[in-house]
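Fold and contact review
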Amino acid sequence: MAGKGIPPRLCRVLLLLAVLSLCVTCVLAYDELSDAALRRIPGGADDFDVNKGALLAPILVPRVPGTPGSLAVQRHFVRFFSETLPEWRIEWQNSTSKTPVTGDRDVSFSNLAFTRDPPWAGAGDVSRLSLVAHYDSLYRPEGFIGAIDSAAPCAMLMHAARSIDVALTRKWDAMQAAGDAGSGLEEEKGVQILLLDGEEAFETWTETDSLYGARLMISFPPLNNRAMAEAWDTQVYPAMSTYRTPLQAISLFVLLDLLGAADPRIPSYFVQTHWSYQALAKIETRMRKLGLLRSKVQTPFLSQADKAPSHFTRGYVEDDHIPFMERGVPILHVIPTPFPPQWHTMDDDAAHLDPATVDDWAKIISAFAAEWMEVGEYLDEPDDSIRERTEL
């Protein structure tokens, strides 16, 4: 609607300038990592070994919601953060739902959120980079592993959290020592890993038979004491907080899916967040030029950094981001098109993961998180033995 006394055409121009200004603000919200900092981004080394890797191997089991395999993987996630990254807050959101294959029997779904905020900041005053993957696997075919879909992305996110954890502590300790903590001179930024349950359809992908975890996370109240205090679209932060709800506090929702096969092609799906795609693509380009990535490709993973606004369509891949996108959360969807040939077949197993590609994605996502959180100067030099193993 045009403002009173303002011509409609001028009103549209002013609105466009406001949107462009917002995009520029987003793009300039943080500084790029230096080459030295990119070199300090660690690879996964033995942690991505499909047989004994501490991060990946425990996820390479069938993980149908509500089954022993799913519970075992949940314990793996919680144990990793509790023992290795104890500064990260662990929250559960547990729900149940009927499915087309279980009749009147409810299936349990458990989402996990692992969050690291500045220690002095109130929960409602922190904007968060949300790094997301689903951890469940298909109901059929029986025994389906889902290494690409999406065990490997979960392991990548665990690696990213570990890669920036010490640097976050150092940055925030330095800010407190300098008296800058809570000064308002810098936006309060946190980071969270969301591992979602029930993405896969039990029978046929429909609006009701899919995305159980994502929809339940933000649409229903919790069912027990371990769950989040309230559902994310109704939980309200205290009055005078910067953000009204946890959803409004998500500055960018980065969803990883179907990653780990060789030679992926990742389009840029949304013009509104193309700036974040460009940032991720630039990290890949720079790391390749520095010789920090292992995969040998003719086309980069993220090759649409120069995509013109007129080339974007309304099409997108249906995935866990949909309930969040419908509520206004900005989305960066990192999923290949076309899908890997192993998609939803028994070939989506450990043997069809490409180790170099898995390790490269882990580095790229870790670098993106480090850049977003502006912790480049606080990163450790990689251990020489790890560097040697990841460069083989």
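Residues numbered from 1 in each chain as written. Predicted model: local features only at pLDDT ≥ 70, side-chain atom pairs only at ≥ 80, totals over all residues. Heavy atoms only, no water.

Overview of the packing of helix α4 (residues 147–177) against helix α8 (residues 355–372)
Contact geometry of α4 with α8 gives a least axis separation of 8 Å together with a crossing angle of 45 degrees. Relative to α8, the element α4 lies oblique. As α4 runs across α8, the sense of the crossing is right-handed. In this structure, α4 uses Ala-152, Met-156, Leu-157, His-159, Ala-160, Ser-163 and Ile-164 to contact α8, whose residues at the interface are Val-358, Trp-361, Ala-362, Ile-365, Ser-366, Ala-369 and Ala-370. (Axes fitted to C-alpha atoms, helices over the stretch in contact; angles between N-to-C directions. Helix = DSSP H or I, 4+ residues; strand = E, 2+ residues; numbered from the N terminus. Parallel < 35°, antiparallel > 145°, perpendicular 65-115°, else oblique. Left-handed = near helix turned anticlockwise from the far one by under 90°. Contact = heavy atoms within 4.5 Å.)

A short note on the sheet that holds strand β4 (residues 189–196)
Pairing is mixed in the open sheet, where 6 strands are placed in the order β1-β2-β4-β3-β5-β6. The sheet is open, and its two borders are formed by β1 (89–98) and β6 (331–334), each paired with just one other strand. Each adjacent strand pair in this sheet contributes to an overall mean axis angle of 20 degrees, direction not counted. Both strand β3 (residues 127–134) and strand β5 (residues 250–256) contribute to a ladder of 5 bridges, which runs parallel. In the sheet register, Ser-130 faces β5, and the bridge partner there is Phe-253. Against the sheet, α4 contacts β2 (106–116), β3, β4 and β5, and its axis sits at roughly 155 degrees relative to β3. The strands touched by α8 are β3, β4, β5 and β6; relative to β5, the strand with the most contacts, the crossing angle is about 180 degrees. (Pairing = 2+ DSSP bridges.)

Focus: the pattern of salt bridges
Applying the stated criterion across every chain yields a total of 14 salt bridges. For the salt bridge of Lys-98 with Asp-106, the shortest nitrogen-to-oxygen distance reads 3.2 Å. On the basis of relative accessible area, Lys-98 is assigned to the partly exposed category, the value being 44%. Residue Arg-170 is joined to Asp-380 by a salt bridge in which the shortest nitrogen-to-oxygen separation is 2.7 Å. Of this pair, Arg-170 sits in helix α4 while Asp-380 is found in the loop between α8 and α9 (384–390), placing the two residues 210 residues apart along the sequence. Three or more residues joined by partner-sharing salt bridges are found here, namely Glu-32, Asp-35, Lys-282 and Arg-286. (Salt bridge = Lys/Arg side-chain N within 4 Å of Asp/Glu carboxyl O. Buried < 20%, exposed > 50% of the residue type's maximum accessible area, 1.4 Å probe, protein only.)

Digging into the confidence of the model for the protein chain
A residue-level look at the protein chain finds 86% of positions with pLDDT of 70 or above and a mean pLDDT of 88. For the stretch residues 1–28, pLDDT sits under 50, and the model shows 7 contacts to residues farther than four places along the chain or on other chains. Low pLDDT, under 50, characterises residues 384–392; the stretch is placed with 14 contacts to residues that sit more than four places away or in other chains. (pLDDT = per-residue confidence, 0-100.)

Considerations on the packing of helix α6 (residues 274–289) against α8
Two elements in contact, α6 and α8, have axes whose closest approach is 10 Å; the angle formed by their N-to-C orientations is 120 degrees. Here α6 is positioned oblique relative to α8, judged by the angle of their axes. For the crossing formed where α6 meets α8, the hand is right-handed. Across the interface between the two elements, Trp-275, Ser-276, Ala-279, Leu-280, Ile-283, Glu-284, Arg-286, Met-287 and Arg-288 from α6 touch Asp-360, Lys-363, Ile-364, Ile-365, Ala-367, Phe-368, Glu-371 and Trp-372 from α8. Looking at the contact of α6 with α8, its residues break down into 10 nonpolar, 1 polar and 6 charged. (Nonpolar A, V, L, I, M, F, W, Y, C, P; charged D, E, K, R; others polar.)

Observations regarding the environment of Gln-278
Checked against the element boundaries, Gln-278 lands in helix α6. Among the residues examined, Gln-278 registers a relative accessible area of 34% and is labelled partly exposed. Along the backbone, Gln-278 and Leu-302 are 24 residues apart, and their C-alpha atoms lie at a distance of 8.4 Å.

Side note on the pairing of β5
For β5, the buried fraction is high: 6 of the 7 residues fall into the buried class. With 4 bridges connecting them, β5 and β6 associate as parallel partners. Within β6, the residue paired with Val-254 across the bridge is Leu-332.

Observations concerning the environment of Lys-296
Take Lys-296: it is sitting in the loop between α6 and α7 (322–325). Look at Lys-296 and you get exposed, because its relative accessible area is 78%. Residues Lys-296 and Ala-262, 34 residues apart in the sequence, show an inter-C-alpha distance of 9.3 Å.

Observations concerning the nonpolar core
In this structure, Phe-77, Phe-324 and Phe-368 are the most contacted members of the largest nonpolar core, which totals 98 residues. By residue number, the principal contributor to this core is α4, which donates 16 residues. In contact with Phe-368, not counting residues within four places along its chain, are Tyr-30, Leu-129, Leu-252, Val-254, Ser-276, Ala-279, Leu-280, Ile-283 and Leu-332. Counting residues in hydrophobic clusters, the runner-up holds 6 residues, among them Val-64, Val-107, Phe-202 and Tyr-212. (Core = buried A, V, L, I, M, F, W, Y, C linked by side-chain atoms within 4.5 Å.)

Focus: the environment of Gly-376
Looking at the secondary structure, you find Gly-376 in the loop between α8 and α9. A residue is classified by how much of its surface remains accessible, and Gly-376, at 11% relative accessible area, is buried. A sequence separation of 212 residues divides Gly-376 from Ile-164, and the C-alpha atoms of the two residues are 9.0 Å apart. Sequence-distant contacts of Gly-376, defined by excluding residues within four places in its chain, comprise Leu-33, Ala-37, Arg-40 and Ala-370.

Concerning α8
Taking 1.5 Å of rise per residue, 18 residues should cover 26 Å, and α8 covers 26 Å from first to last C-alpha, within 8% of that figure. Most of α8 is tucked away: 17 of the 18 residues are buried. In the stretch just after α8, Glu-374 is the one whose phi turns positive, near 55 degrees. (Expected span 1.5 Å × (residues − 1).)

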